[in-house]
There are 2 protein chains.
Amino acid sequence: MPHQPRYNAAVMSKSSPAPSISEPVIVIVGVGLIGGSIAAALRQRGFRGRILGVGRTAVRLESAQAAGLIDSGTTDLSAAAAEASLLIFCTPVDRIADGVLEAAGTCQPGTLLTDAGSIKRAICDELSTRLPSGVTFIGSHPLAGSEKQGFEHADADLFLGRVCVVTPDETTPHRSLEQLRSFWEFLGNRVIEMTPAEHDQILARTSHLPHVVAAALAGAFSDLPGELTASGYRDTTRIAAGDPDLWVSILLGNTEAVVSGLDRCGAKLAEFRDAITNRDAAALKSLLETAKRNRDAIG
Amino acid sequence: MPHQPRYNAAVMSKSSPAPSISEPVIVIVGVGLIGGSIAAALRQRGFRGRILGVGRTAVRLESAQAAGLIDSGTTDLSAAAAEASLLIFCTPVDRIADGVLEAAGTCQPGTLLTDAGSIKRAICDELSTRLPSGVTFIGSHPLAGSEKQGFEHADADLFLGRVCVVTPDETTPHRSLEQLRSFWEFLGNRVIEMTPAEHDQILARTSHLPHVVAAALAGAFSDLPGELTASGYRDTTRIAAGDPDLWVSILLGNTEAVVSGLDRCGAKLAEFRDAITNRDAAALKSLLETAKRNRDAIG
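Since the structure is predicted, the reported quantities are computational estimates derived from the model, not experimental observations.

A. Main features of the overall build of chain A. Across its full length, chain A holds 12 helices and 8 strands. Relative to the 2.2 N^0.38 estimate, which gives 19 Å for 299 residues, the radius of gyration of chain A is 21 Å and therefore close to what a compact globule would have. Each principal axis of the C-alpha distribution contributes one length, and for chain A these read about 75 × 45 × 35 Å. Counting only residues that meet the buried cut, chain A has 56% of its 299 residues in that class.

And the structure:
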């Protein structure tokens, strides 16, 4: 585990020399699949500080604590923020900016805040000028997830070998960016930097558009006999089982790029329709070959 | 293996009492992923007759024989058909009807012919009045497959627990239908009967349309960074890596139902586009909920 010492060093370096107050405290806001998996990965990789969970439902936090994921839980974000070395917001994307602003009011100078949301521009724009001095937010998006929900599906290996995009801006302190990189690398991620706008443009195509297409396909027919679907249908529509509320926020947080992607995909579907209607085998084969070439290139 | 005695009995019952000529011969025409998997499953489940492979390339047949899948191989379909108890055509769908007609010219009275093609109506219509007396063709479609190609990916468990649709018509001899059911059940399939037209209507929605949608999505962007795609993109587009030639034949063999499905999916995509463009969270949530409900119902 080459990353482990590096991250521990980064966290420990923030602390005072007195052992009693040097224990790093990671606050996970939203202990669901992603938040729970972060906690599980921290545990498995030997993180030696405290993991504090923040949520809206005390009984869920108690369950997450009983499951060994968090050391303690609270519904009081401000109180948790006051203790934090690092806060990670794993809430739905439409609640991240407000949560960061609330937490920033009580957290200590030098605290780093980040998130795990699937859109970055709206969040980073909203926060860019509104944080108190000495408190840093850097956007993150670990490209890992599942159509499943809840910390019960937490997976300590969820981030292993996956990319995590981080989106610093020109004002981001270098030390905070290094700390954030170390954190995600400690969990097993490979970290890539880009701007929030670049992130949202690319993810519109690699994640948000596929979600809409899978949902449109699954939504088109309500009466399909499950026994007559094979793995093709199941794979193509799998992500349509994701949480509707989460995806409303994501899609409405990146409308322009998603609609642009939808139009390009719609045009491609129209080309397929024309080739099939005209029984144009050459055109249809060319369309299928392009698709195969693109897909094979992804690996 | 409850099916095994039943199938062996069905095959054996066709033979003469003389042991030397009573060995059942199954001829697999097209020893690729599906044909190879049928051979592998027959072996694994203890089939005690001969397995003969027919293909266009002698060297590929020799490799399949060397791999232990077939007992022998030939490029001469007519010669193989003369020995067959049962022929299964696992060729691309646009070559099945011609192959069946060629084989029917030399096979013995009582021989059963079937296929494994993804479309049924065009094939069954073409064959319904053209076979010699005493030779029976019944369409089959085992709902199993892969985007991979070639007998090198043959899997003896490919059919385990999967549905195989068979499409007899009113003239199909009961005994042939029983023999065909026993054959697929011996491989581990669950057999369902329907008409060729019903099959094509349903498979347009559960298989052919998803293929077009996955290919349109994969075809829309040629420049995606693979490291920024997560499992959502990979699953949604996986089948776009399938063989273009195979899919040209399938899609052009079921145009009407596929275009009808495309239009319904296109209308659903337009609803998503409207909801996103209008930032209509309620409409978007409703669309995503319907998709999730349909997908969850498939299991």
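From this point on, the discussion continues.
B. View of the nonpolar core. Counting 120 residues, the largest nonpolar core has L87 of chain A together with L87 of chain B as its most contacted members. Filtering out sequence-adjacent residues up to four positions away, L87 of chain A remains in contact with V27, V29, L77, A81, A103, C107, T111, L112, L113 and T114 of chain A.

C. How the structure looks around the relation of the copies chain B and chain A. Superposition record for chain B on chain A: RMSD 0.0 Å, screw rotation 180°, translation along axis 0.0 Å. Taken together, the turn and the small shift mark the pair as related by a two-fold rotation axis. Across chain B, the rotation axis passes nearest the C-alpha of T236 of chain B, at a separation of 2.0 Å. With an isologous cut-off of 70% or more, the 100% of interface residues of chain B that recur at the interface of chain A puts this contact in the isologous class.

D. Quick look at the environment of F47 of chain A. Mapped onto the elements of the fold, F47 of chain A is located in the loop between α2 (33–44) and β2 (50–54). Along the sequence, F47 of chain A and I26 of chain A sit 21 residues apart, while their C-alpha atoms lie 9.9 Å from each other.

E. Molecular detail of helix α5 (residues 96–104) of chain A. Residues and elements named next belong to chain A. Within α5, the full set of buried residues consists of I96, A97, G99, V100, A103 and A104. Buried residues of α5, seen end-on, are gathered within an arc of 160° and therefore sit on one face of the element. Turning to α5, the residues buried within the fold contact α4 (77–83), β4 (86–89), β5 (112–115), α6 (121–127) and β6 (136–142).

F. Region of interest: the packing of aromatic side chains. Residues and elements named next belong to chain A. Summed over all chains, the structure comprises 4 aromatic pairs over all chains. Aromatic side chains F183 and W184 sit 5.0 Å apart centroid to centroid with 65° between the ring planes, which places their arrangement in the edge-to-face category. Neither residue differs from the other here; F183 and W184 are each classed as buried. Members of the aromatic cluster, joined through ring pairs, are F159, F183 and W184.

G. Region of interest: the interface of chain B and chain A. Contact residues are listed per partner, giving 80 residues for chain B and 80 residues for chain A. Interface area for chain B against chain A, summed over the two sides, is near 7,600 Å², with a carbon-plus-sulfur share of 69%. Viewed at the interface, chain A and chain B are joined by 10 salt bridges. Here R273 of chain A ties to D263 of chain B by a salt bridge, and the two come within 2.6 Å at their closest N and O atoms. Applying the counting rule to chain B against chain A returns 28 residue pairs in polar contact (both at pLDDT 80 or more).

H. Geometry of the environment of S63 of chain A. All names here are of chain A. Following the sequence through the fold, S63 ends up in helix α3 (residues 58–66). Considered as a pair, S63 and G73 are 10 residues apart in the sequence and their alpha carbons are 9.5 Å apart. A polar contact is formed between the side chain of S63 and the backbone oxygen of V59, at a distance of 3.0 Å.

I. Molecular detail of the sheet that holds β5 of chain A. Residues and elements named next belong to chain A. Across the sheet, 8 strands lie side by side as β3-β2-β1-β4-β5-β6-β7-β8; this open sheet has mixed pairing. Lying at the two open borders of the sheet, with one neighbouring strand each, are β3 (72–74) and β8 (190–193). The average angle at which neighbouring strand axes cross in this sheet is 25°, direction not considered.

J. Spotlight on the sheet that holds strand β3 (residues 72–74) of chain B. Residues and elements named next belong to chain B. Here we have 8 strands laid out as an open sheet, ordered β3-β2-β1-β4-β5-β6-β7-β8, and mixed in their pairing. Whereas interior strands pair on both sides, the edge strands pair on one side only; in this sheet they are β3 and β8 (190–193). On average, each strand axis in the sheet is inclined to that of its neighbour by 25°, with strand direction left out of account. Each of β2 (50–54) and β3 is contacted by helix α3 (residues 58–66), which is oriented at about 170° to β3, the strand it contacts most.

Criteria and thresholds
Residues numbered from 1 in each chain as written. Chains lettered and ligands numbered in written order. Predicted model: local features only at pLDDT ≥ 70, side-chain atom pairs only at ≥ 80, totals over all residues. Heavy atoms only, no water. Helix = DSSP H or I, 4+ residues; strand = E, 2+ residues; numbered from the N terminus. Rg over C-alpha atoms; globule rule 2.2 N^0.38 Å. Buried < 20%, exposed > 50% of the residue type's maximum accessible area, 1.4 Å probe, protein only. Core = buried A, V, L, I, M, F, W, Y, C linked by side-chain atoms within 4.5 Å. Contact = heavy atoms within 4.5 Å. Least-squares fit on C-alpha atoms with pLDDT ≥ 70 in both. Arc of directions from axis to C-beta. Phe/Tyr/Trp six-rings, centres within 6.5 Å; stacked < 30°, edge-to-face > 60°. Buried area = accessible area lost by both parts, 1.4 Å probe. Salt bridge = Lys/Arg side-chain N within 4 Å of Asp/Glu carboxyl O. Polar contact = N/O pair within 3.5 Å; in protein donor to acceptor, adjacent residues only side chain to side chain. Pairing = 2+ DSSP bridges. Axes fitted to C-alpha atoms, helices over the stretch in contact; angles between N-to-C directions.

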